[in-house]
Amino acid sequence: MSEFLLYYKRPDPTTWVYLSSFLTIGLFFVFHRFWSVRNLDIVLLILLAPGLLMVHEGRRRHLREVEFGEIAIREKARQENDSGSELPPLSETSSQRKSSRRTLPRPEFDTTAMLVRTYPVQEQDAATVDTVESESPADQPGDKPADQPEDAAKQTESPPTETPTADSPAETTEALSIQEETNVPLVTTPDALDERLEATAEDPDPDATDAELSAKQLQRSGFILLFAVEFAILIRLLIDPLMVRRPLLDPNLTVGGLYFISISLFIFMMANVATSTPRMKVWQGPQLGPGYALMHRLPTITTRPVSTALAGEEPATEDELDLSSRSWTMLARILAITAHLAIVVGVVLIGNRHFGNVRAGVGCATLYLMLPYTAQMTGRVDHALPAALLLWAVLNYRRPLIAGIFLGLAAGLVYYPLFLLPLWCSFYWQRGVRRFAVGVLATLSILMILLTVGGTDSFVDHLRRMFGLFVPTMEPRGIWGLGWDPRWRLPVIVAFGILSSLFAAWPSPKNLGTLIGCSAAVMVAAQFWHGYGGGLYIAWFLPLLLLTIFRPNLQDRVALKVVDRGAAGPALASDSVSDLQAI
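This text gives an overview of the structure that appears in the document. (Residues numbered from 1 in each chain as written. Predicted model: local features only at pLDDT ≥ 70, side-chain atom pairs only at ≥ 80, totals over all residues. Heavy atoms only, no water.)

Let us look at the environment of Val344. Secondary-structure assignment places Val344 in helix H11 (residues 323-353). Residue classification places Val344 among the buried positions, given a relative accessible area of 15%. Along the chain, Val344 and Tyr368 lie 24 residues apart, while their C-alpha atoms are 8.0 Å from each other. Not counting residues within four places of it along the chain, the set of residues in contact with Val344 comprises Phe266, Ala365 and Leu369. (Helix = DSSP H or I, 4+ residues; strand = E, 2+ residues; numbered from the N terminus. Buried < 20%, exposed > 50% of the residue type's maximum accessible area, 1.4 Å probe, protein only. Contact = heavy atoms within 4.5 Å.)

Okay, here's the thing in structure tokens:
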């Protein structure tokens, strides 16, 4: 973005929370009706941001402490081995790593520390390598007395680093002139760091350092705040079918102004996705859990500022240097941009076609793009893509077959939308349930067939992961690894199953309004038992929640009246023409 906007720099997530909160209040708060449900909804949306920031800041600090421990272990091994010997692999157990962090002095790094990675050295980088070795924590002033000239002579007489050849796969360190958001030299791969984060969560608290305990406490507080707000949102969605009177409360801006703000925000966010570098899911949250194999292979595109350089840009990372990772990175960027575009367009079309109010649809799209969660998680495909598929299932609710295809895709990719089937089958029970079931089953069957193409895992393992066909994990991940006993997930899962089954009978009869609101309620309830990052997958219910907030009274939109009997007719074709005119 700095090539197009001079001196552009991405805002810090905390700064964006303040700016977006004020802008949200100015555009959508109903000042002439202070005590209204709309104002309560706006407050709940704003309150999602503090918990999300606390979780990611705590994870960042925890990651920094794990990296400090790994650095201490490597420095101890460097001191105990000869200068020309290769460092041993970091294969210690988590208790040994804890012991090393407690017994070894913590390395001191100033705010101008360089990010250190492991790369195959090249000829033009020899000077850089010498600079890194001279600035390593082990060679800082104070580690070696100044009255030892023979040590200095040994350093000056040490042979220069040789360029490795194909027969000599030696690796050395290369300094990147950027400053990571953690200000910590990174010496391990993201996958290894993710495993060590989980390993440190399994250790008892007495074995953890004070900094790690503080980081875990910050994450725990953030998750508790997120769950509290999401529980209030769940209650709000459950009582929504009882709210018959729904006065028209449009945004405090014209349609043209809303279009301008939403288009500008979308361009900025998608440009951040296109120009950012990939990071694995360790940087922004736990792994996905049950779901399609493709979702586990896509990297996360970090869009939050990670560098002090202009516009937050940074040189190529180790993942980008790998040719096999570039295609996955490009696919992740394309899917992320396409998913957010589908969400924005889908919300506008639903507002125009099903609500009869294009201003409400554009307002929903603008609010979605303004929320801090969207700016922070723009590069997470596993967040945005299922949300887009669910939204387009709602958009095509008059065509049961197409709606079933979109819902089947969402359920096949991330598993959790499978619990929407009782609600949607009940909606189509009077008309269209067979076509809807055919669409869902056909889509899931195609996804299952594609699992047989390539891959290293067996077909049975892919199916088990896709449909969650295993005992609920008791491993501590997310909030369940920060002090909550994982066994308490079992009663939460039972309560969630009862709630999703209840929607098959209540409310009755079901209309488009209850379909949207209850679908959002199911996806909110899934956050409470999500074993890998529950509470963080806000995009799964956010577009549906915004539609519920802005929707009019839709009691007449029942399947028996609006669902076509067979193939698409002239009425549906005219609807498509009106959709294009609205855009």
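What follows is about the packing of helix H20 (residues 512-525) against helix H21 (residues 542-550). Contact geometry for H20 and H21: axes closest at 9 Å, N-to-C directions at 140°. Accordingly, the angle class assigned to the pair H20 and H21 is oblique. Two packed elements cross with a definite hand, and for H20 against H21 that hand is left-handed. Listed contacts from H21 to Ile516, Gly517, Ser519 and Ala520 of H20 are Leu544, Leu545, Leu547 and Thr548. Tallied by class, residues from the contact of H20 with H21 come to 5 nonpolar, 3 polar and no charged. (Axes fitted to C-alpha atoms, helices over the stretch in contact; angles between N-to-C directions. Parallel < 35°, antiparallel > 145°, perpendicular 65-115°, else oblique. Left-handed = near helix turned anticlockwise from the far one by under 90°. Nonpolar A, V, L, I, M, F, W, Y, C, P; charged D, E, K, R; others polar.)

We now examine unusual backbone geometry. Here the bond from Trp506 into Pro507 is cis, since omega is -10°, no more than 30 degrees from zero. If you trace the backbone, Pro507 turns up in the loop between helix H19 (489-502) and H20. Omega for the bond connecting Ser508 with Pro509 falls within 30 degrees of zero, at -5°, which places this linkage in the cis form. Here Pro509 shows up in the loop between H19 and H20. Phi is positive for Tyr415, close to 75°, though the residue is something other than glycine. As for its position among the elements, Tyr415 is in the loop between helix H15 (400-414) and helix H16 (421-427). On the basis of relative accessibility, which here comes to 11%, the residue Tyr415 falls in the buried class.

What follows covers the packing of aromatic side chains. Between two aromatic rings, the relevant description is the distance of the centres plus the angle of the planes. Tallied over the full model, the rule gives 21 aromatic pairs. With 5.9 Å between their ring centres and 85° between their planes, Phe28 and Phe550 make a pair best called edge-to-face. On the criterion of sequence distance, the pair formed by Phe28 in helix H1 (residues 13-28) and Phe550 in helix H21 is long-range, its members being 522 residues apart. Judged on exposure class, the residue Phe28 and its partner Phe550 are both buried. Note on Phe496 and Trp529: the rings are 5.4 Å apart at their centroids and 45° apart in plane angle, and the pair reads as tilted. One end of the pair, Phe496, is in helix H19; the other, Trp529, is in the loop between H20 and H21, with 33 residues separating them in the sequence. Neither Phe496 nor Trp529 differs from the other in exposure class; each is buried. By the ring-pair criterion, three or more aromatic residues cluster together here, those being Tyr415, Tyr416, Phe419, Phe496, Trp529, Tyr537 and Trp540. The lysine or arginine in question, Arg38, covers the ring of Phe550, its NZ or CZ lying 4.4 Å from the ring centre. (Phe/Tyr/Trp six-rings, centres within 6.5 Å; stacked < 30°, edge-to-face > 60°. Lys NZ or Arg CZ within 6 Å of the ring centre and 35° of its normal.)

This paragraph deals with the nonpolar core. What tends to happen in soluble globular proteins is that the nonpolar side chains get buried as a cluster. Counting 119 residues, the largest nonpolar core has Leu367 and Trp424 as the members making the most contacts within it. Of all the elements, helix H14 (residues 381-395) adds the most residues to this core, at 11 residues. (Core = buried A, V, L, I, M, F, W, Y, C linked by side-chain atoms within 4.5 Å.)

Bringing the environment of Leu385 into the picture now. Considering the arrangement of structural elements, one finds Leu385 in helix H14. Each C-alpha atom, one on Leu385 and one on Ala336, is 7.0 Å from the other, the two residues being 49 residues apart in sequence. If sequence neighbours within four positions are ignored, Leu385 has contacts with Met295, Ala339 and Leu413.

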